[in-house]
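# Breakdown of the fold
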Amino acid sequence: MSGESIHYIDPQHIGIIMDGNGRWAKQRGHSRPRGHKEGAQATRKIIDACQELGIRYLTLYAFSAENWSRPDIEVKALMELLEFFLSRETKTLIKRRVRLHAIGRIEELPNSAQRALKKAMAATEEFDDWHLTLALNYSSRNEVLDAAKAFAQAISSGETSPETRDWADFAKHLYTSKIPDPDLIIRTSGETRISNFLLMQSAYSEFYFTDTLWPDFDKAQLEKAIACYHKRERRFGKTGEQIAQPTA
Ligand code: FPP
């Protein structure tokens, strides 16, 4: 019985590893930057779709700390695309009352990208119903390292007890301290790995992998992922019986 139980609560937070722009471009004889441009179009549509489907938190892996090792021309194109995306999309985010956040070592991004990000985040900071988080120069391992340093500092200043064994005392130093953990993580393009994305936050996330390349991922695909999520039984360490009868 427990294995068949279905829960209909929609995911509150979806994280997406947007993969496959390069292959999408190659299949069509285009340059990789062209693939990223198409990927940005898909990103716009998915932000809208999430709102239409009532997903309050969306976190997108837009540039990993490891992506700096790509050819200079591609890195440059991705940074320019980010600035272009922010300059075009901020108006839409405001109209839709979406708050923009960024996670990662933002201070290492080019100055112009940092300025564009800060401007967009400031313009949307009053909103609280919808949250879009861009993971930029993001690495989960770096995040843990940065949090560990801040945690040690909090202990030495007396802000946190050295006796604590409470995860929440550590988690408040993660970049994501103000957003809930993801319920569902989607990766496109057929790859089935997590690639240093939200490792701590995905401890109890459900995962959905699709062969669809990111530029082709659309609202119908998102609905398919959510339908699959609905069939999962999230137990959080409990038994299936406890989940079926929460008061037992
Ligand atoms: C991975 O595909 C994708 C990225 C490294 C960049 C993601 C960027 C976008 C989707 C567009 C821009 C988004 C914003 C928010 C501006 P890949 O290049 O690794 O594809 P491949 O594995 O097929 O080569």
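Residues numbered from 1 in each chain as written. Predicted model: local features only at pLDDT ≥ 70, side-chain atom pairs only at ≥ 80, totals over all residues. Heavy atoms only, no water.

## Some points on helix α3 (residues 72-95)
Stated formally: Helical segments are the DSSP runs of H or I of at least four residues, strand segments are the runs of E of at least two, and each set is numbered from the N terminus. In a helix, the anticipated span is given by 1.5 Å times the number of residues less one. In this scheme, the bend at a residue equals the angle between the axes fitted to the seven residues that finish there and the seven that begin there. Accessible area is worked out with a 1.4 Å probe on protein chains only. A residue is then buried under 20% of its type maximum, exposed over 50%, and partly exposed in between. In this description, contact between two residues means that some pair of their heavy atoms is separated by no more than 4.5 Å.
The terminal C-alpha atoms of α3, which comprises 24 residues, lie 35 Å apart, in line with the 34 Å expected from a rise of 1.5 Å per residue. Along α3, the sharpest kink reaches roughly 45 degrees, centred on glutamate 89. Buried residues of α3: Glu74, Val75, Leu78, Met79, Leu81, Leu82, Phe85, Leu86, Glu89, Thr90 and Leu93, and no others. Lining the buried residues of α3 we find α2 (32-52), β2 (57-64), β3 (98-103), α4 (111-124) and β4 (130-138).

## Section: the site of the ligand
Stated formally: For this purpose, a residue is taken to be near a molecule or strand whenever a single non-hydrogen atom of the residue falls within 4 Å of it. Counted as a polar contact is a pair of N or O atoms within 3.5 Å, where, for protein atoms, one must be capable of donating a hydrogen and the other of accepting one, and residues adjacent in sequence contribute only when both atoms are in side chains. Using a 1.4 Å probe, accessible areas were evaluated by the Shrake-Rupley method; residue-level cover was limited to the displayed protein chains. Gly is placed with the polar residues, together with every amino acid not listed as nonpolar (Ala, Val, Leu, Ile, Met, Phe, Trp, Tyr, Cys and Pro) or charged (Asp, Glu, Lys and Arg).
Neighbouring residues of the ligand: 19 residues in total, closest Gly22, Arg23, Arg32, His36 and Arg70. Contacts to the ligand include arginine 23, whose backbone N or O atom sits 2.7 Å from an oxygen atom. Arginine 70 places a side-chain nitrogen or oxygen 2.7 Å from an oxygen atom of the ligand. Isolated, the ligand exposes 620 Å² of accessible area, and the fraction of that covered by the protein chains is 91%. For the shell around the ligand, the per-class residue count stands at nine nonpolar, six polar and four charged.

## Concerning the pattern of salt bridges
Defined as follows: In the sections that follow, a salt bridge refers to a side-chain nitrogen of Lys or Arg positioned within 4 Å of a carboxyl oxygen of Asp or Glu.
Enumeration according to the criterion identifies 17 salt bridges in this entry. Arginine 32 is the salt-bridge partner of glutamate 74, the closest N and O atoms lying 2.7 Å from each other. Taken as a pair, glutamate 74 in helix α3 and arginine 32 in helix α2 lie far apart in primary sequence, 42 residues in all. On the basis of relative accessibility, which here comes to 3%, the residue glutamate 74 falls in the buried class. Of the charged contacts in the structure, one is a salt bridge between arginine 96 and aspartate 48, with a shortest N-O distance of 3.2 Å.

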